[in-house]
Amino acid sequence: MNHPVIAIGLDAADPLLIETWMSQGHLKNLKQLCDRGLYTRLKTFDYYRAETPWTTFLTGCSPQKTGYWAPVKFYEGTYEVEEIEAYDFSEHHPFYALGDDYQVAVFDMPQSTLSEQVNGLQVLAWGAHSPLTPSHSKPAGLLEELIQKHGEHPRLRKDHASCMNVAALKRLQSDIQVGIARRSAICQDLLQRQPWDLFLTIFGETHSAGHYLWHLSQPSHPLYDTYKDQVSGDPLLEVFESVDRAIGEILDKAPKDAQVVVFAAHGMGNNVMDLPSMVFLPELLYRFNFGKPALAPGQLGAPPSEPITKGRVERGWIGAVWGLKHDANRLRSWLRQKLPNKLFKHVEPLFGKDSQPELVSPFKLIEQGDALFFQPAVWYKPFWSQMRAFALPSYSEGYIRINLKGREPEGIVEPSEYEALCDELSQLLYNLKDARTGQPMVKQIVRTRQQPDQRDPKLPDADLVIIWQEEHVTDVVDSPELGRIGPVPYSRTGSHRSDGFLMAQGPGIEPGSSAPEGHALDLAPTVLSLMGASIPPHFEGRPLIETLILAK
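Residues numbered from 1 in each chain as written. Predicted model: local features only at pLDDT ≥ 70, side-chain atom pairs only at ≥ 80, totals over all residues. Heavy atoms only, no water.

Asker: Is there a simple way to think about the overall build of the protein in this case?
Answerer: Secondary structure summary: the protein contains 18 helices and 22 strands in total. If one aligns the C-alpha atoms of the protein with their principal axes, the spans along those axes are about 75 × 55 × 45 Å. Taking all 552 residues of the protein together, the buried fraction comes to 59%. Contacts in the protein between residues at least 24 apart in sequence constitute 69% of all its contacts with a sequence separation of at least 6. For the protein, the separation between the mean place of its 53 positive charges and that of its 68 negative charges on side chains is 6 Å. (Helix = DSSP H or I, 4+ residues; strand = E, 2+ residues; numbered from the N terminus. Buried < 20%, exposed > 50% of the residue type's maximum accessible area, 1.4 Å probe, protein only. Contact = heavy atoms within 4.5 Å. Lys, Arg positive; Asp, Glu negative; His and termini not counted. Charge placed at Lys NZ, Arg CZ, Asp CG, Glu CD.)

This is the structure in structure tokens:
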């Protein structure tokens, strides 16, 4: 006999945090779920880990099969890059597109699409983190009805704040908790409208809070001591406690015989990715190609200066990083760092134009309507055609594109030189050190192509993927060959890890049970198995709970 399934995702909720807080007596509803059912850890892919988990969950397929690697797309033959929406699902449909045999309700699933094969209701982009899909619903009027009855999410597409602006972070936390309460009310409402074979919702608030409140919660982050006295309590824990309460409220309205699944497809930790991928890598490749700095030059061998923990709040992270642009004119350089951006814009023309081409200003990109203005890699875009290799924009690992002849419109690297260049860049990166600790910055470098002429459209845009070390956070790095970069101001203080979790409770699931570590690919098959639905043959994972039952 099949039972209804209630599936609740906690976006980027780290299992170590969850386990620690449960052991300390927090998150009582999640602890009760674990005690009454099953708990196990999950893994996701080691690279493109921030951009692919939801597509993996929705399709049951790896990015090698879907060809979807990131929401930022480099267009071969143009040197153009832009932010795109989610996977188009033309080849592989969402796993819950089950036709007339199952009643399905999906609320606020990020990076999905409205499917004609869902018998029930779908609401997308009400309050999801990085929804990558329009705000719409099926039936068409349902989203507006829910907003009128329960309210909007206060932080849809604006769930961010400067890590140096505690007042803004407090407002972010407050708005996130309002969103959690409204999500709970909507889910309770939808659960009571009719019986569902599957009810699915995702708490995106855990993702937003992890990115921006991490340093106000975790003593291991370098900024913790700077800001801990400006907040009371643990803001990140408070967000998770709100989510825990909401889960309890939702499950109170769920059928008593429901199978309950709570999961995270990937996790969060100290941010060891943003500065290396977004700042250090593009600057390193600029220096590699041109032999001079463009951004944040420092003195190799000298003790690093103090971390940047203060600055004009109105400048934001982008303005603070842009203020570190290398400039031979010391007065102009000083003014760029000290003046408000709007004022410096009027002062800068008084110095005349530089004889050398410059990085494109993020403020000019804003005026041009470029959605990637906040990605420093894009500031170097005017030089890409002149570079042997350049860094692509990233939300996760570091991505390098080789400027290959025959592939790029102005390619300068011969195919016969491809392997040697990859070797040279790899050695350069393995030599990169954290200037504060002396520890290597790079854990692994992945080559995505065996041969330079591989042109499969399902391959990632990057030729090299740099997996950074995860042990410590740094704001300044040293390259023996190319000098020091930084210090630069910290960006988001939490970044992704490849660890997730699954907990499940319901008929047939033994209290206190566990299962072997699974993979994010196993989530969709597990949900379908609990529903009694067939698992498509192209899925790459396996039902974790079915595996447990068979093992017994």
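Asker: Sorry if this is basic, but what is going on with the sheet that holds strand S15 (residues 442-447) here?
Answerer: In a beta sheet, neighbouring strands pair by backbone hydrogen bonds and run either parallel or antiparallel. One open sheet holds the 4 strands; their spatial order is S12-S13-S16-S15, and the pairing between them is antiparallel. Only two strands of the sheet have a single partner each, and these edge strands are strand S12 (389-392) and S15. Sheet twist, expressed as the mean angle between neighbouring strand axes with direction ignored, is 25 degrees. Pairing of S15 with strand S16 (residues 464-468) involves 5 bridges; the strand directions are antiparallel. The partner of Val446 across the bridge, within S16, is Val465. The sheet contacts of helix H10 (residues 274-290) involve S12, strand S13 (398-402) and S16, and relative to S12 the element is tilted by about 165 degrees. Along the sheet, helix H16 (residues 418-430) makes contact with S12, S13, S15 and S16, crossing S15 at roughly 165 degrees. (Pairing = 2+ DSSP bridges. Axes fitted to C-alpha atoms, helices over the stretch in contact; angles between N-to-C directions.)

Asker: Whenever I open this one, the pairing of strand S8 (residues 198-203) confuses me. Can you help?
Answerer: Regular strands place side chains that alternate from one sheet face to the opposite one. Counting buried residues along S8, 6 of its 6 residues qualify, which places the element largely inside the surrounding structure. Residues Leu198, Leu200 and Ile202 line one face of S8 and the alternating positions Phe199, Thr201 and Phe203 line the opposite face, and both faces are buried. Bridge count between strand S5 (residues 99-107) and S8: 4 bridges; the pairing is parallel. Looking at S8, one finds that Ala105 is bridged to Phe199.

Asker: I would appreciate a short explanation of the pattern of salt bridges in the present structure.
Answerer: Charged atoms that come close allow side chains of opposite charge to pair. Per the counting criterion, the structure on display carries 33 salt bridges. A salt bridge links Arg41 to Glu19; the nearest nitrogen and oxygen atoms lie 2.6 Å apart. Within this pair, whereas Arg41 is found in strand S2 (residues 38-43), its partner Glu19 is found in helix H1 (residues 15-23), the two being separated by 22 residues in sequence. Overall, the relative accessible area of 24% leaves Glu19 in the partly exposed class. Here Arg193 ties to Asp189 by a salt bridge, and the two come within 2.9 Å at their closest N and O atoms. Classification of Asp189 by relative accessible area gives buried; the value is 11%. Each of Glu76, Arg401, Arg407, Glu408, Arg449, Arg455 and Asp463 takes part in a single network of salt bridges with overlapping partners. (Salt bridge = Lys/Arg side-chain N within 4 Å of Asp/Glu carboxyl O.)

Asker: I tried to follow the sheet that holds strand S11 (residues 297-298) on my own but got confused; where do I start?
Answerer: Taken together, the 4 strands give an open sheet; going across it, the order is S11-S18-S17-S14, and neighbouring strands pair in antiparallel fashion. Edge strands, defined here as strands with exactly one partner in the open sheet, are S11 and strand S14 (433-434). Examined bridge by bridge, strand S17 (residues 477-479) and strand S18 (residues 483-485) share 3 bridges and lie antiparallel to one another. Directly across from Val477, in S18, lies its bridge partner Ile485. In the packing of H10 onto the sheet, the strands contacted are S11, S17 and S18, and the crossing angle to S18 comes to about 150 degrees.

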